[in-house]
Amino acid sequence: ILPEQHFYNPEQSLRYAQQAYYQCGDESLKALESLAAAHAANGDFDSACRFQEQAIEKARILKTGQYLNTLENRLHLFKNKKSYVELQEKIVNP
């Protein structure tokens, strides 16, 4: 989810994440993770925690190693009623 005002649209992010989840199901770690972040961005932290916990379980099954720590850190954010925002570097034309 991008924090730049003209890109930041939590409602649209949730719709896209739901579409990805419905297409991939809980077999996709990224779909679960995106859905959790989108719910958090919309203030639905209970759903965010639920999907993030599913992502963590999936990561454990896949034995993703250090990525599991990242997922657990995000769950901690959601439990503390904070959303996750991924910052993107701005591309500047020379």
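Here's what I pulled together on the structure shown here. (Residues numbered from 1 in each chain as written. Predicted model: local features only at pLDDT ≥ 70, side-chain atom pairs only at ≥ 80, totals over all residues. Heavy atoms only, no water.)

1. With respect to the packing of helix H2 (residues 29-41) against helix H3 (residues 45-62)
The cut-off we apply is this: Here, axes are lines fitted to C-alpha atoms. For helices the fit covers the stretch in contact, and angles between N-to-C directions go from 0 to 180 degrees. For helices the rule is a DSSP run of H or I covering at least 4 residues; for strands it is a run of E covering at least 2, with both sets numbered from the N terminus onward. Orientation categories follow fixed angle ranges, with anything under 35 degrees roughly parallel, anything over 145 roughly antiparallel, 65 to 115 roughly perpendicular, and all other angles oblique. Throughout, a crossing is termed right-handed when the near helix is turned clockwise from the far one, and left-handed when it is turned anticlockwise from it by less than a right angle. Here, two residues are considered to be in contact whenever any of their heavy atoms come within 4.5 Å of each other. Here the term charged refers only to Asp, Glu, Lys and Arg, the term nonpolar to Ala, Val, Leu, Ile, Met, Phe, Trp, Tyr, Cys and Pro, and the term polar to all other amino acids, Gly among them.
Between H2 and H3, whose axes approach to 7 Å, the crossing angle comes to 160°. Overall, the two elements H2 and H3 adopt an arrangement that is roughly antiparallel. Here H2 runs over H3; the crossing is left-handed. In this structure, H2 uses Leu29, Leu32, Glu33, Leu35, Ala36, His39 and Ala40 to contact H3, whose residues at the interface are Phe45, Ser47, Ala48, Phe51, Gln52, Gln54, Ala55, Lys58 and Ala59. A class-by-class count of the residues in the contact of H2 with H3 yields 10 nonpolar, 4 polar and 2 charged.

2. Re helix H1 (residues 10-24)
Residue pairs three or four apart in sequence face the same way in an α-helix, which turns once every 3.6 residues. For clarity, the threshold we go by: Take the residue count of a helix, subtract one, and multiply by 1.5 Å to get its expected span.
Over its 15 residues, H1 extends 21 Å from the first C-alpha to the last, a length consistent with the 21 Å expected when each residue adds 1.5 Å. The secondary structure elements touched by the buried residues of H1 are H2 and H3. With its phi angle positive at about 70°, Gly25 sits one or two positions after the end of H1.

3. So, the environment of His39
Secondary-structure assignment places His39 in helix H2. Once the C-alpha coordinates of His39 and Pro10 are considered, the two residues, 29 residues apart in sequence, prove to be 8.2 Å apart. Not counting residues up to four positions away in its chain, the partners in contact with His39 are Leu14, Asp44, Ser47, Ala48 and Phe51.

4. What about the packing of H3 against helix H4 (residues 66-79)?
Contact geometry of H3 with H4 gives a least axis separation of 9 Å together with a crossing angle of 165°. Here H3 lies roughly antiparallel to H4, going by the angle between them. H3 and H4 meet at a crossing whose hand is left-handed. Note on element contacts: H4 touches H3 through Leu68, Leu71, Glu72, Arg74, Leu75, Phe78 and Lys79, opposite Phe45, Ala48, Cys49, Gln52, Glu53, Ala55, Ile56, Ala59 and Arg60. Broken down by class, the residue content of the contact of H3 with H4 amounts to 10 nonpolar, 1 polar and 5 charged.

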